[in-house]
Amino acid sequence: QVQLVESGGGLVQAGGSLRLSCAASGSIFGIGAMGWYRQAPGKQRELVATITRGGRTNYADSVNGRFTISRANAKVDLQMNSLKPEDTAVYYCNVNVGYGTFWGQGTQVTVSS
């Protein structure tokens, strides 16, 4: 099993920054792509950013240029700059290993206008 611990969420004003962190532990052999997803109330979970084991990144158009995903071993971070109220959501860490995919518990990000 894989355990994911997320941190870094909170309340910020528009234009501010937050850094989300996710640390994976447990049976993480064969760790592959990692990423961040988010879900706002009443909406489906959507991709925010992903990063492959080789470092290739992919961003949602809505965050491209403002967010940066990075990884180091079994950790994945999301640097969020120039935050907007529409970024408000619960953010979930995602980690893929050879035998499955795992999700963090979610961390709330609230951006006030």
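Preceding this section is the structure that the text describes.
These figures come from a predicted structure and were not determined experimentally.

Caption draft 1: Representation of the sheet that holds strand S3 (residues 18-26). Pairing is antiparallel in the open sheet, where 4 strands are placed in the order S1-S3-S8-S7. Sheet topology places strand S1 (2-7) and strand S7 (67-72) at the edges, where each strand pairs with a single neighbour. For this sheet, the mean inter-axis angle between neighbouring strands, taken without regard to orientation, is 15 degrees. Two elements, S7 and strand S8 (residues 75-80), share 6 bridges in a ladder whose sense is antiparallel.

Caption draft 2: Expanded view of the nonpolar core. Core analysis: the largest hydrophobic core is formed by 32 residues, its most contacted members being Trp36, Leu78, Met80 and Tyr91. Of all the secondary structure elements, the ones that give two or more residues to this core are S1, S3, strand S4 (34-39), strand S5 (46-51), S7, S8, strand S9 (89-97) and strand S11 (107-112). With 5 residues, S9 is the single largest residue contributor to this core. Not counting chain neighbours up to four residues away, the residues in contact with Tyr91 comprise Glu6, Leu20, Trp36, Tyr37, Arg38, Val48, Phe67, Leu78, Met80, Gly106, Thr107 and Val109.

Caption draft 3: Quick peek at unusual backbone geometry. For Asn73, which is not glycine, the phi torsion reads 60 degrees and is therefore positive. Residue placement: Asn73 occurs in the loop between S7 and S8. For Asn73, a relative accessible area of 72% translates into the label exposed. The backbone phi angle of Ser82 is positive, close to 50 degrees, even though this residue is not glycine.

Caption draft 4: Broad picture of the side chain of Arg38. Among the secondary structure elements, Arg38 is positioned in strand S4. There is a polar contact of 2.9 Å between the side chain of Arg38 and the side chain of Tyr91.

Caption draft 5: Here's a closer look at the packing of aromatic side chains. For the structure shown, the criterion picks out 2 aromatic pairs. Taken together, a centroid distance of 5.0 Å and an interplanar angle of 70 degrees make the contact between Tyr37 and Trp103 edge-to-face. With a gap of 66 residues between them, Tyr37 in strand S4 and Trp103 in strand S10 (residues 100-103) connect regions that are remote in the sequence. Taken together, a centroid distance of 5.7 Å and an interplanar angle of 70 degrees make the contact between Tyr99 and Phe102 edge-to-face.

Caption draft 6: The arrangement of the pattern of salt bridges in detail. In this structure the tally under the stated criterion is 4 salt bridges. Two residues, Arg19 and Asp77, come together in a salt bridge whose shortest N-O distance is 3.2 Å. Residue Arg19 is found in strand S3, and its partner Asp77 is found in strand S8; the two are separated by 58 residues along the sequence. The partly exposed category is assigned to Arg19, whose relative accessible area is 40%. Among the ionic pairs, Asp87 bridges to Arg66, the shortest N-O distance being 2.8 Å. With a gap of 21 residues between them, Asp87 in the loop between S8 and S9 and Arg66 in the loop between strand S6 (57-59) and S7 connect regions that are remote in the sequence. With a relative accessible area of 1%, Asp87 lands in the buried category. A single network of salt bridges, built from pairs that share partners, joins Arg38, Glu46, Arg66 and Asp87.

Parameters and conventions
Residues numbered from 1 in each chain as written. Predicted model: local features only at pLDDT ≥ 70, side-chain atom pairs only at ≥ 80, totals over all residues. Heavy atoms only, no water. Pairing = 2+ DSSP bridges. Helix = DSSP H or I, 4+ residues; strand = E, 2+ residues; numbered from the N terminus. Axes fitted to C-alpha atoms, helices over the stretch in contact; angles between N-to-C directions. Core = buried A, V, L, I, M, F, W, Y, C linked by side-chain atoms within 4.5 Å. Buried < 20%, exposed > 50% of the residue type's maximum accessible area, 1.4 Å probe, protein only. Contact = heavy atoms within 4.5 Å. Polar contact = N/O pair within 3.5 Å; in protein donor to acceptor, adjacent residues only side chain to side chain. Phe/Tyr/Trp six-rings, centres within 6.5 Å; stacked < 30°, edge-to-face > 60°. Salt bridge = Lys/Arg side-chain N within 4 Å of Asp/Glu carboxyl O.

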